[in-house]
Structures are given as structure tokens and as C-alpha cells.
Amino acid sequence: MSRAEVSPGRAADTAVRAPGRLWTFGLLRSELVTTFRRWRTLALLGVLAGVPVLVGVAVRIETRAGRPVGGGGGEGPAFIAQVTNNGLFLVFTALAATLPFFLPMAVGVIAGDAVAGEANAGTLRYLLVAPAGRTRLLLAKYATTMAFCLVATLVVALSALLVGALLFPLGDLTTISGTRIGFADGLARALLIALVVAASLTGLAALGLFVSTLTNSGIAAMATTVGMLITVQILDQIPQLHAIQPYLFPHYWLSFADLMREPVYWDGLVKNLELQALYAAVFGSAAWARFTAKDITA
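No experiment lies behind these values; they were computed from the predicted model shown. (Residues numbered from 1 in each chain as written. Predicted model: local features only at pLDDT ≥ 70, side-chain atom pairs only at ≥ 80, totals over all residues. Heavy atoms only, no water.)

Caption draft 1: The arrangement of the overall build of the protein in detail. Secondary structure summary: the protein contains 10 helices and two strands in total. Listing each helix as α and each strand as β along the protein from the N terminus yields α-α-α-α-α-α-β-β-α-α-α-α. Expressed as a percentage of the 298 residues in the protein, the buried residues total 42%. In the protein, the share of contacts with a sequence separation of at least 24, taken over all contacts with a separation of at least 6, comes to 76%. Looking at the protein as shown, the accessible area adds up to about 14,500 Å², and 67% of this sits on carbon and sulfur atoms. (Helix = DSSP H or I, 4+ residues; strand = E, 2+ residues; numbered from the N terminus. Buried < 20%, exposed > 50% of the residue type's maximum accessible area, 1.4 Å probe, protein only. Contact = heavy atoms within 4.5 Å. Areas by Shrake-Rupley, 256 points an atom, 1.4 Å probe, with all protein chains shown as cover.)

Caption draft 2: Region of the structure containing empty space enclosed by the protein. The tally for this structure, following the rule as stated, stands at one cavity of 30 Å³ or more. Put simply, the largest cavity is a space of about 100 Å³. E31, T35, R38, R40, I110, D113, A114, E118, K141, T144 and T145 together form the lining of the largest cavity. Looking at the lining of the largest cavity, the elements that each hand over two or more residues are α1 (8–37), α4 (102–121) and α6 (134–167). It is α4 that provides the largest number of residues to the lining of the largest cavity, a total of four residues. (1 Å grid on protein atoms, 1.4 Å probe; cavity = no way out; pocket = protein on both sides within 12 Å on 5 of 7 lines; lining within 4 Å. Points joined across faces, edges and corners; volume = space filled by probe spheres on them.)

Caption draft 3: Highlighting unusual backbone geometry. Cis geometry marks the peptide bond from E262 to P263; its omega dihedral reads 5 degrees. Structurally, P263 can be placed in the loop between α9 (218–235) and α10 (267–293).

Caption draft 4: Looking closely at the pattern of salt bridges. All told, the structure shown has six salt bridges when counted by the stated rule. Between K141 and E31 there is a salt bridge; the shortest N-O distance is 3.0 Å. With K141 in helix α6 and E31 in helix α1, the pair connects residues that are 110 residues apart, well separated along the chain. By relative accessible area, K141 is classed as buried at 5%. With a shortest N-O distance of 2.9 Å, R261 and D258 are connected by a salt bridge. Judged by its relative accessible area of 12%, R261 is buried. Relative accessible area serves as the criterion here: at 14%, D258 is assigned to the buried category. (Salt bridge = Lys/Arg side-chain N within 4 Å of Asp/Glu carboxyl O.)

Caption draft 5: How the structure looks around the packing of aromatic side chains. Evaluation of the coordinates by the stated rule reveals seven aromatic pairs. With 5.5 Å between their ring centres and 80 degrees between their planes, F89 and F92 make a pair best called edge-to-face. Residue F89 and its partner F92 are located together in helix α3 (residues 89–98), separated by three residues, close to a single helical turn. Its relative accessible area of 3% is what places F89 among the buried residues. On the accessibility criterion, F92 (0% relative accessible area) is buried. (Phe/Tyr/Trp six-rings, centres within 6.5 Å; stacked < 30°, edge-to-face > 60°.)

Caption draft 6: Structural context of the environment of A111. By the element assignment, A111 lies in helix α4. C-alpha of A111 to C-alpha of T144: the two residues are 33 residues apart in sequence and 8.9 Å apart in space. The residues touching A111, leaving out its near neighbours within four places in the chain, are T145, A205, G208, L209 and S212.

Caption draft 7: Main features of the side chain of S200. Mapped onto the secondary structure, S200 falls in helix α7 (residues 183–200). Only 2.8 Å separates the side chain of S200 from the backbone oxygen of V196, close enough to count as a polar contact. At a separation of 2.8 Å, a polar atom in the side chain of S200 contacts the side chain of N272. Setting aside its immediate chain neighbours within four residues, S200 contacts W253, N272 and Q276. (Polar contact = N/O pair within 3.5 Å; in protein donor to acceptor, adjacent residues only side chain to side chain.)

What follows is the structure, encoded as C-alpha cells:
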């Protein structure tokens, strides 16, 4: 069919759809640029990058002093006992050290400010001018928060890898199960662990976004999200609440250690990803229902 034979109706539909797609990518790109250019975001990433440096230097000093470092067991922060033998273990140690609080706190700040911050600044109403739409804007906000989850996790991992390479030897490493794997395999597992850690923050990101739709104060939304994070972390440590703990979003966060077993234990990893998907679906839907019905005055 020649261009002259295209019906006016189809041409009009194409003209409407194309700008919509272009606007979607433009909106997402704008959100990404705006978020990662903020001094607050850069400061959070800087703090996260500094954690592996502090851990690595502390382990190095302890090693020079002739004192033992870390403990046994091989799970979570106990990876620190292996750092002196292989700097790659600093990646696992840094992720285990930042995941309970530093990483989720940073995500809570970004997610909590996503909508409420725009309302507080008086720019939310302008972002909703057609053809943006509330659903499209909310999806862009969530995608930007998830991008921050990934970037923040990779910043920790790359910083730890660099510090580990500078301060400690690299090479083949011993898994939790006692088997030896090559450095390339260990590096691949470190990348997979970083991706799992980023995915573990999916539920919290959706929760923070929902909280952000409930208020016009960015500070209140950030404080509420971080407060809920701390509260849930405390509940997850109380033995008497063991019945509800498997349903708390941070319960399986440290299951990424199972990727350092041979063979890999997948049960905890799968449960973690399923739980994060459930939280993302529930609170993502709640955020959409609230945001689409909200009276935007700012």
C-alpha cells in the first residue's frame, strides 16, 4: 500500500500513538536525569560507596594487627572472615552490611520523595499535563526508583571490588559448601548477587511510592517509609513473631548468601523474589488507586 493510499483514520491513529510512545520515553528519561542529578541522590550514592572502603580498611588494619577478623558460619556479614584470603569476598560482605539498613534507607528516601516531593515543590500539577497522564507518570516514577535500586547496589559492589582488589589478593575462592570455584565464576556470582539484592528492594520501592501518594510533604513521606522499614526490621528479629516473619519483606533478604553454595540453594531465593513481587503488586496497585483518584492541587 502506497503512502497516498493510507486512510485518514489510520494516519491519525499513527500520529496519536507515536507521540505517546515518544512522550513515555521522554518522561522516563527526564525522571532519570532529574533524580540522578540531585545532590541528595549523589550524596546517598557517595555514602553507599564509602561503606566498602571503611569495611576494607578496617579488615586490613585488623589483619596487620594480627587479630582474627570476623566469625565463622559464612552467611551474611560472616563473609568478612574470608576477605583477607580473597578480596572478592568484600563484595559479599559489603552487600550484606548495607542491605539491612543503608541500601533500603536510600531507596526509601528516593521512593518516598517520588510523588510527595513534586507536590511539595508545586511541580506535580505541571507534570500531569496531557499527554503525560497519571498512570504513565506513576510508572515512570517507579521505574526511576527501581533504576536507583540497581545503580545503588552496583555502586556498593563495584566499590567493594575495587577496594578488595587494592587491599587483598584475588583468585579462586572457596564457597560456603567448601568447594573451590574459579575467579571468573566467583565474579559472575558476585554480579548475580548484586542483581538479586537490587530485586530484593522491589517491594520496599513500591511501599515507599504508595506512602508518597498519601501526602504532599516529601520529608514526611521519606520519614514514614524509613520508619516503616525500621519497624519491620525489628519485628523480623522478635522470635515470638515467627508466624508472621515469612511475610515481612526483609525476611529473605540475606538469602543471597545461598548463591555462594555448591550446589546453589534456590528455596530462599525464590521465596524472596516471590515475596517482593507480591509487595510490588499490592502496594503498586494501592499507589495507582490512590494517585489516580487524588485531587492534585500542587
